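# Descriptive structure summary
Residues per chain are reported as follows:
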Amino acid sequence: MPSKTTKTSVLLKSSQMFKLILMQLSGLFRKSLNVIMAILAAAVVGSILMLIVGRNPFVVYRLLFQNAFGSERALFITMQRATPLIFTAISSSIAFRTGVFNVGVEGQFFIGAIAGTFVGYAFQLPMILHLPLSLLAGFLGGAAWAYIPTLMRQKLGISEIITTIMTNYIATFLISWLTNYPMRETPLVAETPIVQNTARIPQFVNLNPNLAKGTQAHLGIFIALAVVIITWYIFKYTKLGYQWRMVGLSALFSEFGGINMDKTFIGGMLVSGGIAGLGGVVEILGVWRRYKDLFATGFGFKGNLASLLGGQSIIGSTIAAIFYGGLEAGALGLEWSTGIPRQLIDIVVGLIIFFMAAQGMWSFLNKLKLKNGKPGEGMMAFVKRMFTPKRKEETL
Amino acid sequence: MTYEIEMIGIRKEFPGVVANDNIDFAVRKGEIHALVGENGAGKSTLMNVLFGLYQPDAGTIKIRGEEVKFNNNLDSIAKGIGMVHQSFKLVPSFTVAENITLGHEPSKLGFVDKDAVRENVIKISKRFGLKVDPDSRIRDMPVGIQQRVEILKALYLLSDILILDEPTGVLTPQETDELFEVVRSLVATGITVIFITHKFREVMAISDRVTVLRDGKWIGTKDTKDTNPKELARMMVGREVLLRIDKTEANPKEQVLTVENLKVLDNRLQEAVRDVSLSVKAGEILGIAGVEGNGQRELVEGIIGLRTAVAGDIRINGKSITKMSVRQRRDYGISCVPEDRYVRGVALRASLEDNLIIENYDKAPISKGQVLNLKKIAQHASRLISEFDIRTPSSKVIASTLSGGNLQKVVLAREIDARPKLLIVAQPTRGLDVGSIEFVHRRILEARDRGAAVLLVSAELEEVMSLSDRIAVLYEGNIVGTVKGGEATEEELGLMMAGITDEGEDQRDSHSVEQQVSQEV
Ligand SMILES: Nc1ncnc2c1ncn2[C@@H]1O[C@H](COP(=O)(O)OP(=O)(O)OP(=O)(O)O)[C@@H](O)[C@H]1O
Ligand SMILES: [Mg+2]
């Protein structure tokens, strides 16, 4: 008799466990469903745009896919485009998850790039030292750049949202000056000297001419993946990761529990900035080999978007960064083969983010509406509140 | 006779839990119907079903005899149902007036009419006799006043049926009496009230009928005049419950906590703790009695290190901790159950496992070096869950899925399990059912008998009186008197709490009168 009851209770327990697992899966499913819905919606709107400019969307999407994932070469191009985005996406996610608002990933990326470039061309060292030192310089450059807003918040109490945006602009001007004056190699173009062979990250074609022919994909992808694995491990398995997660989830609780809020803020910001900077130097040492003023922009912002797209989780934002890289590779191929401007893809990605945000916004407004009575009222209240002048103490 | 509300055969299941299991619940028009049951019995769930926030898996709802189906709370609001939730849903950075009228702001030329907002709020606050300052910000107020705002917010939508989910959990006895007046006057105008509470005193005082739930099932509905607390407790818990705990004599040893001339500011930079000196010995419970908002929160936060002491000294076993960080103080042997468990006590979006290790995540065996031991964390959580009888399907769920009482047990479990030298407990049984209160009180006494110094802060006079070995009364940031636990009478304490001491003089100086007034407008 007793054995029977324990058996049923075990059965009951396992069925409960099963339900629990199902619940968690369905949560995951719902989250990814949101992303998929947003992508579909963006694809539809994108199709309309293509129809307007007289293209067949099916053909365009097929070409896009082929150029992103359809061949070995396409995959390598995707890899090359995705590599810097993985860094900036992880950088953004670390900030988000630790409750830090780092809108300065863009600037940190470029400061890291220029710092690493300098070490890369200015020193003569064996590769075994030179490459790691250049990478380290990139990491430190990004972290140092992130330290400015950190200090301004710690000492002056200025929100990092504003200061990280500001430091993006300063970074652009600073680098323009550096590449135009002190670091300039020739009078002709604003670019630095080329980095030494010993500081270059090998490209796949260097290893085997048949592999990745005609692409600039490089071994930096392994550095990116190592960063992904390390940060994932830190968040899941270490005390530091626990502190970061808790502060991100509830600052008040963490403070009560004795977590050092200043340390967490500074740590989150510096590591986020450092990884952005590392992404910058990897991009230089792997692809460009020298810093040309304004060689590219938007890595930081794209990383922010990929992080949002991936639900701010480490794995999710990595997948999103690869997806984003694929879209870019596809768009490049599209431009070559059909002349469709690759900015179209920026529009599509923008639309995906828009639709994802719209879902969040929609459920937020719905809640407001549900809480407060008549439909639509919540939205009105929300809009009104946005335009209501703040009280004095708040603006202080 | 048709009922105002009839819920028939209601079933609501969450993954791993049947929160409502075939419940029948009927309320007559114009009555005050108390709904009682243990933590996690399914009271809030049943009310959320009635309010349209949850869709039942089975069962029907009739309002005034007419069958209804609520898809959301718009539908139920349209039927005249209003609800005050157990956990606060106010916006901390908004003022009282903005919170109450949120979504229903009177407007002028498309902009919110600030003056009208204030006026409306003053009007209804007068009409229902609930005093609030329309311009205060929620985050600066004691929890008691915040709850008052919640009630006003529900009344603002003028309902015929008002659901109050544990409205008195955070109120002082005086505020509770005021609320009862309000409820009675509402009922006199024909409004029907459903009243969830854990306090039998309140059931007996205010309700006409009472329904008991246990484990998601309907146990019985009684006319209040035909029942008594003992019977209700038995129905709720399924066994005899000690309504007042028997406590052994304290055996105080060395002095653990010494506070000398402590001064602490509140959020508005007013002196909330003015000049407090007190001491607690190992093996002793010092109760702090006082009307809420007299510096209790700041005193606790000052000792644990969330607020800096402007003046004075705090010592543990003779060593000054005044300059230490929260972590250092915790490591030095202080634990604390904070009064606002939803904000400070837990991270609602984190798992129970994560919530349960904030105290010891940096100590073996939970972590070694930098690395966490996930297996030990899971074991730690399961052990506390079973030791403290926390009702949850798994230790992996996030804290916000737990019922209010069970959430409190999570905090208690974590803080008591740390085996502190000094255990601070602020409002430890707020929102707990009788069985759990008995359990928590026993745990606090156990901690004392193990040799911990216990500082108990509670707005429940009964609780302070039954647990404390000594009682200090806090009034306007000062200790106005200390009495022995066994010898205090309710009248004596009540007088001290009002600031009237033996010397027969009113302690209020002109400054404090000013403050009092600004709090009351
Ligand atoms: N959203 C949810 N998701 C999962 N489980 C839930 C959810 N809401 C409630 N539960 C579970 O349902 C049960 C009933 O919870 P409910 O909140 O109704 O209890 P209660 O009677 O109001 O308790 P208390 O007195 O502690 O507030 C509990 O076991 C709780 O953990
Ligand atoms: Mg409840």
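Predicted model only: the values in this text are computed from it and were never measured.

### Details of the side chain of B:His85
Tracing the chain through its elements places B:His85 in the loop between strand E6 (81-84) and helix H3 (96-101). Not counting chain neighbours up to four residues away, the residues in contact with B:His85 comprise B:Asn48, B:Phe51, B:Leu53, B:Gln147 and B:Asp165.

### Side note on the sheet that holds strand E13 (residues 255-265) of chain B
All names here are of chain B. Read from one edge of the open sheet, four strands run E14-E13-E16-E17, paired in antiparallel fashion. Where the open sheet ends on each side, the last strands, each with one partner, are strand E14 (271-281) and strand E17 (319-320). One ladder, built from two bridges, connects strand E16 (residues 311-316) with E17; its direction is antiparallel. Looking across to E17, one finds that Ile316 is bridged to Lys319. Packing of helix H9 (residues 296-304) onto the sheet brings it into contact with E13, E14 and E16, and relative to E13 it is tilted by some 120°.

### Observations regarding the site of ligand 1
All names here are of chain B. What surrounds ligand 1 is a group of 19 residues, the closest being Gly40, Lys43, Ser44, Thr45 and Gln86. Ser403 is positioned with one of its side-chain polar atoms (N or O) 2.9 Å from an oxygen atom of ligand 1. Within the backbone of Gly405, a nitrogen or oxygen atom sits 2.9 Å from an oxygen atom of ligand 1. For ligand 1, the accessible surface in isolation is 640 Å², of which the surrounding protein chains cover 88%. Counting residues per element, the ones that place at least two in the shell around ligand 1 are strand E2 (17-27), helix H1 (43-50) and helix H14 (404-417). In terms of residues, the shell around ligand 1 owes the most to one element, H1, which gives three residues. Across the shell around ligand 1, the residue classes tally to five nonpolar, 11 polar and three charged. When residues of the shell around ligand 1 are sorted by domain, at least three fall in each of domain 1 (5-237) and domain 3 (341-419).

### Quick look at the packing of helix H3 (residues 72-97) of chain A against helix H11 (residues 261-288) of chain A
Residue and element names in this part refer to chain A. Two elements in contact, H3 and H11, have axes whose closest approach is 7 Å; the angle formed by their N-to-C orientations is 175°. Taken together, H3 and H11 sit at an angle that is classed as roughly antiparallel. Of H11, the residues touching H3 (which contributes Gln80, Thr83, Pro84, Phe87, Ile90, Ser91, Ile94 and Ala95) are Gly268, Val271, Ser272, Gly273, Ile275, Ala276, Leu278, Gly279, Val282, Glu283 and Val287. Considered class by class, the residues forming the contact of H3 with H11 number 11 nonpolar, seven polar and one charged.

### A word on the domain arrangement of chain B
Residues and elements named next belong to chain B. For chain B, the domain assignment lists domain 1 (5-237), domain 2 (247-333 + 420-521) and domain 3 (341-419). Spacing between the C-alpha centres of domain 2 and domain 3 amounts to 26 Å. In this assembly, 19 residues from domain 2 lie in contact with 17 residues from domain 3. A buried area of about 1500 Å², summed over both sides, lies between domain 2 and domain 3, and 51% of it is on carbon and sulfur atoms. When residues of domain 2 are sorted by the area they lose upon contact with domain 3, Arg327, Arg330 and Arg443 head the list and together hold 32% of the total. Counting the contacts that link domain 2 with domain 3 gives four salt bridges. Taking the shortest distance from any N to any O, the salt bridge between Arg327 and Asp362 comes out at 3.9 Å. Our count for the domain 2 to domain 3 interface comes out at nine residue pairs in polar contact (both at pLDDT 80 or more). The biggest single contributor to the side of domain 2 that touches domain 3 is helix H15 (residues 434-449), with four residues. Taken together, the residues of the side of domain 2 that touches domain 3 break down into seven nonpolar, four polar and eight charged.

Cut-offs used in this document
Residues numbered from 1 in each chain as written. Chains lettered and ligands numbered in written order. Predicted model: local features only at pLDDT ≥ 70, side-chain atom pairs only at ≥ 80, totals over all residues. Heavy atoms only, no water. Helix = DSSP H or I, 4+ residues; strand = E, 2+ residues; numbered from the N terminus. Contact = heavy atoms within 4.5 Å. Pairing = 2+ DSSP bridges. Axes fitted to C-alpha atoms, helices over the stretch in contact; angles between N-to-C directions. Near = heavy atom within 4 Å. Polar contact = N/O pair within 3.5 Å; in protein donor to acceptor, adjacent residues only side chain to side chain. Areas by Shrake-Rupley, 256 points an atom, 1.4 Å probe, with all protein chains shown as cover. Nonpolar A, V, L, I, M, F, W, Y, C, P; charged D, E, K, R; others polar. Domains from an automatic or database assignment. Parallel < 35°, antiparallel > 145°, perpendicular 65-115°, else oblique. Buried area = accessible area lost by both parts, 1.4 Å probe. Salt bridge = Lys/Arg side-chain N within 4 Å of Asp/Glu carboxyl O.

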